[in-house]
Amino acid sequence: MQSLNDHLVVLPDSPDGARVHRQLGDTAPQSVAHASGRPWLVGAWSPEDLVVSEAGPVRVAVYGLSPVGQARLDSLTRTVRELSDLDALARSLPGNTHLIASVHGRVRFQGTVTGARAVYTAELDGVPVAADRADVLAGLIGAEPDEDLIAASVTYGMLFAPLGERSWWHGVRQVAPDSWLLLPGAGPARAVRWWQPPEPDLPLSRGAAGVRERLREAVALRRPAGRLSADLSGGMDSTSLCFLAAENRPDLLTFCWTGGSAINDDPVYAAQAARLLPDAQHLTVPDTDAPPVFSPPYWAVDTEAPRAATRGMNAVRFGIRHLVDHGATRHLAGHGADELFTGGAAYLRTLFLHRPVTAWRHLGAHRALNSWPLLPSLAGLLRGGDLGTWWRQCADDLVRTASPSRAPALGWGERLPATPWATGDAVRTTQSVFRQVVPLARDRGQHEALTALRSAGPVLRLVSREYTASGLPLELPYLDDRVVEAVLAVRPHERYSPWQYKPVLATAMRGLVPGVILDRTTKGDCEEPVDRALQEHVPDLLDLFEDSELARRGLIDPDRLRTTLITPPRTEDVWSAQLEATIGAELWLREVAARRTATPTPAARQ
């Protein structure tokens with residue numbers, strides 16, 4: 001594959017590691033050495049993104065946005081004697097970073113707890129190596145795409161964590177976000193779990209105070225040398241970030257799309273917020289100026305994994321160009337906040353076991369909001385079962401023919417039927433994949449929260465690269481480790497109260513963000529133009545799949561895909577989001593093939 005910008009490869013402290021470095025050649029123009037003098041960190045990165053400290057046989061590096069400067073990191077490095085000593089630093093480090101250490105010939109490499117920064121490992125001729133990008137390692141070892149995951153993506157849509165945390169390349173393994181990778185001087189690499197979610201036992205008032213402090217700190221870190229821009233949608237998530245950013249950067253450049261459906265009131269709230277940020281410059285752009293969702297051209301810029309969010313990427317690129325033209329050098333967005341501050345009713349099962357009266361009150365509120373019938377609601381509240389059983393049920397549901405059930409979502413998640421265009425082979429492969437999943441937490445509510453966050457992290461990692469490739473690095477404070485921990489420490493039944501929208505964020509931002517935003521009871525609706533655009537661009541989508549890589553591999557049935565797209569949608573249809581995943585898989589396979597044709601892999605050049 002061709003050389004990729006902004007990547008970091010981590011090598012063991014051994015002669016074999018030095019040999020791997022030589023094989024990388026001009027794809028790794030920068031390097032940092034172990035204490036032994038052998039190459040340790042190699043790749044390509046911006047100078048401001050890497051801080052390295054040395055203390056005798058110890059090397060510690062922070063890769064990414066962090067307030068830890070050289071002097072502070074030097075002080076911390078002098079206290080390190082073993083790799084486990086890095087736990088304390090990892091638990092206190094704000095920002096969104098990789099942490100890497102080389103201590104007495106052994107290496108520690110870790111990302112973030114949401115997977116927004118990931119760690120991958122592979123072996124080249126028996127030598128364990130690691131990187132922050134799976135496609136870099138895939139190119140190094142000549143790996144092939146994992147067709148099992150491609151089949152599951154086509155069949156089910158977005159793959160939720162921990163399933164979605166598998167590498168999309170054979171021979172390349174992703175390290176779980178709650179673990180760090182050990183590269184010994186000799187022998188195989190292994191993962192060491194170091195993080196677990198906090199006990200969710202803080203009441204809302206105390207927990208929100210911690211969230212306020214951590215979020216304020218996270219936004220304050222985003223101080224680019226140039227112009228800081230931020231989304232100002234009018235929703236609670238992005239608007240909160242704007243007011244926090246304005247505390248340090250009153251000359252903030254805000255960006256707002258106008259339009260959407262006839263009932264979309266986001267622009268009204270965005271305009272009110274803008275008036276309360278008088279020193280900021282406000283850009284408002286009609287969504288009709290941007291390319292419609294699902295419109296061509298269809299292309300991918302990343303080969304690490306298929307993009308699950310594909311329908312509006314041309315509009316995203318349009319917005320990035322608009323911001324860059326107005327001088328923006330770094331962009332702030334509220335992505336990840338929905339996954340962090342909202343959730344379903346899965347927490348009710350655990351709540352019922354410990355506080356049945358409270359659980360009953362919450363169930364009544366959820367039933368009123370969602371029109372849940374009584375008996376299925378009670379059955380869901382009382383039903384036990386582990387995650388393995390639930391995934392086996394998901395596998396069985398892939399071949400059901402009935403419409404999706406509207407039963408209360410009180411279990412481990414939502415179950416969906418297979419997409420209409422998935423082939424029988426793809427469905428059978430997906431059923432096998434589904435039977436290999438383990439839970440992320442014992443508590444269903446906490447598991448649901450971690451699943452949402454660790455599913456969003458990989459998706460937003462690819463979106464962030466889109467911004468960086470276009471010259472505007474993207475910052476997502478809601479996915480910072482310290483912010484995530486502060487939110488997860490709040491009791492689930494207060495975090496996901498059915499009586500208030502995002503109660504943790506609203507309570508945390510009270511006094512910093514106008515009440516008109518925090519007390520808002522509506523959410524912007526943009527689905528009407530999305531549905532319309534999908535129907536308008538059916539001919540373009542059919543052209544996209546005319547010569548399909550997925551069909552060539554026997555994973556989709558082009559005739560059934562055509563029939564599905566040209567048939568008017570019904571209200572019970574659930575495949576529109578799954579279509580995005582299918583488009584992402586198709587574009588990814590084409591980009592992988594194109595890059596391989598353009599540039600042979602290092603393994604192939606030997």
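Structure: see above.
In short, a report on the structure. It should be emphasised that the depicted structure is a prediction, and the values quoted were computed from it without experimental measurement.

**A few points about empty space enclosed by the protein**
Move 1: Counted under the stated rule, the structure contains six cavities of 30 Å³ or more.
Move 2: Roughly 290 Å³ of internal volume is contained in the largest cavity.
Move 3: Around the largest cavity, the lining comprises 27 residues; the ones closest to its centre are G164, W168, P306, P458 and V459.
Move 4: Of all the secondary structure elements, the ones that give two or more residues to the lining of the largest cavity are α16 (444-469) and α25 (576-598).
Move 5: When residues in the lining of the largest cavity are grouped by element, the largest group, six residues, is from α16.
Move 6: In the lining of the largest cavity, the residues fall into 15 nonpolar, six polar and six charged.
Move 7: The volume enclosed by the second largest cavity comes to roughly 170 Å³.

**As for the packing of aromatic side chains**
Any two aromatic rings considered together are summarised by their centre-to-centre distance and by the angle between their planes.
Move 1: Enumeration according to the criterion identifies seven aromatic pairs in this entry.
Move 2: With a centroid separation of 5.3 Å and an interplanar angle of 70°, the aromatic rings of W169 and W588 are classed as edge-to-face. With a gap of 419 residues between them, W169 in the loop between α5 (147-156) and β10 (172-174) and W588 in helix α25 connect regions that are remote in the sequence.
Move 3: What makes W169 buried here is its relative accessible area of 1%.
Move 4: Among the aromatic residues, those joined into a cluster by ring pairs are W168, W169 and W588.
Move 5: Lying across the ring of Y63, R117 places its NZ or CZ 5.4 Å from the centre.
Move 6: Looking at R317, its charged tip hangs above the ring of W299, at a distance of 3.8 Å from the centre.

**Quick look at the layout of surface pockets**
Move 1: In this structure, the second largest pocket spans a volume of roughly 1200 Å³.
Move 2: Lining the second largest pocket are 46 residues, with D6, D49, R117, S464 and T468 sitting closest to its centre.
Move 3: Going through the elements one at a time, β5 (58-65), β6 (96-103), β16 (328-332), α16 and β17 (474-475) are the ones with two or more residues in the lining of the second largest pocket.
Move 4: Ranked by residue count, the leading element in the lining of the second largest pocket is α16, at seven residues.
Move 5: Taken together, the residues of the lining of the second largest pocket break down into 19 nonpolar, 13 polar and 14 charged.

**With respect to the sheet that holds strand β13 (residues 227-231)**
Move 1: What the five strands build is an open sheet, ordered β15-β14-β13-β16-β17; its pairing is parallel. Since the sheet does not close on itself, it has two edges, and those belong to β15 (281-286) and β17, each with one partner.
Move 2: Taken together, the two bridges between β16 and β17 define a ladder with parallel strand orientation. By the bridge assignment, L332 is partnered in β17 with E475.
Move 3: Running over the sheet, helix α7 (residues 236-246) touches β13, β14 (253-258) and β16 and is turned about 155° from β13.

**A look at α16**
Move 1: Its 26 residues place the ends of α16 38 Å apart at the C-alpha level, agreeing with the 38 Å of an ideal helix rising 1.5 Å per residue.
Move 2: Burial analysis of α16 places 22 of its 26 residues in the buried class, the great majority of the element.
Move 3: Directly beyond the C-terminal end of α16, a positive phi value near 90° is found at G471.

**Observations regarding the nonpolar core**
Move 1: F341 and M509 are the most contacted members of the largest nonpolar core, which totals 98 residues.
Move 2: Residue contributions to this core peak at seven residues, all from α16.
Move 3: Ranked by size, the runner-up nonpolar core spans 70 residues in total, among them V9, Y156, W421 and A422.

**Topic: the side chain of D302**
Move 1: With respect to the helices and strands, the residue D302 is situated in the loop between β15 and α9 (313-325).
Move 2: Of the polar contacts made by the side chain of D302, one reaches the backbone nitrogen of E304; its length is 2.8 Å.
Move 3: A distance of 2.9 Å separates the side chain of D302 from the side chain of R465, its partner in a polar contact.
Move 4: Here D302 is in contact with R133, D135, L462, R465, W588 and R595, once residues within four sequence places are set aside.

**Examining the pattern of salt bridges**
Move 1: This structure, assessed with the given rule, holds 39 salt bridges.
Move 2: Linking R216 and E247 is a salt bridge whose minimum nitrogen-to-oxygen distance equals 2.7 Å. Note that R216 is positioned in helix α6 (residues 204-221) and E247 in the loop between α7 and β14, a separation of 31 residues in sequence.
Move 3: The class for R216 is partly exposed, based on a relative accessible area of 34%.
Move 4: For E247, a relative accessible area of 38% gives the class partly exposed.
Move 5: A salt bridge links D519 to R510, with the nearest nitrogen and oxygen atoms 3.0 Å apart.
Move 6: When salt bridges that share partners are traced, they join R133, D135, D302, E304, R461 and R465 into one network.

**With respect to the pairing of β16**
For a regular strand, the rule is simple: side chains alternate between the two faces of the sheet.
Move 1: A large share of β16 lies buried, amounting to four of its five residues.
Move 2: Bridge count for β13 against β16 is four bridges, and the pairing is parallel. Its bridge partner being in β16, S229 is matched across the sheet by H331.

The rules behind these values
- Residues numbered from 1 in each chain as written.
- Predicted model: local features only at pLDDT ≥ 70, side-chain atom pairs only at ≥ 80, totals over all residues.
- Heavy atoms only, no water.
- 1 Å grid on protein atoms, 1.4 Å probe; cavity = no way out; pocket = protein on both sides within 12 Å on 5 of 7 lines; lining within 4 Å.
- Points joined across faces, edges and corners; volume = space filled by probe spheres on them.
- Helix = DSSP H or I, 4+ residues; strand = E, 2+ residues; numbered from the N terminus.
- Nonpolar A, V, L, I, M, F, W, Y, C, P; charged D, E, K, R; others polar.
- Phe/Tyr/Trp six-rings, centres within 6.5 Å; stacked < 30°, edge-to-face > 60°.
- Buried < 20%, exposed > 50% of the residue type's maximum accessible area, 1.4 Å probe, protein only.
- Lys NZ or Arg CZ within 6 Å of the ring centre and 35° of its normal.
- Pairing = 2+ DSSP bridges.
- Contact = heavy atoms within 4.5 Å.
- Axes fitted to C-alpha atoms, helices over the stretch in contact; angles between N-to-C directions.
- Expected span 1.5 Å × (residues − 1).
- Core = buried A, V, L, I, M, F, W, Y, C linked by side-chain atoms within 4.5 Å.
- Polar contact = N/O pair within 3.5 Å; in protein donor to acceptor, adjacent residues only side chain to side chain.
- Salt bridge = Lys/Arg side-chain N within 4 Å of Asp/Glu carboxyl O.

What is shown is where atoms sit, not what they do.
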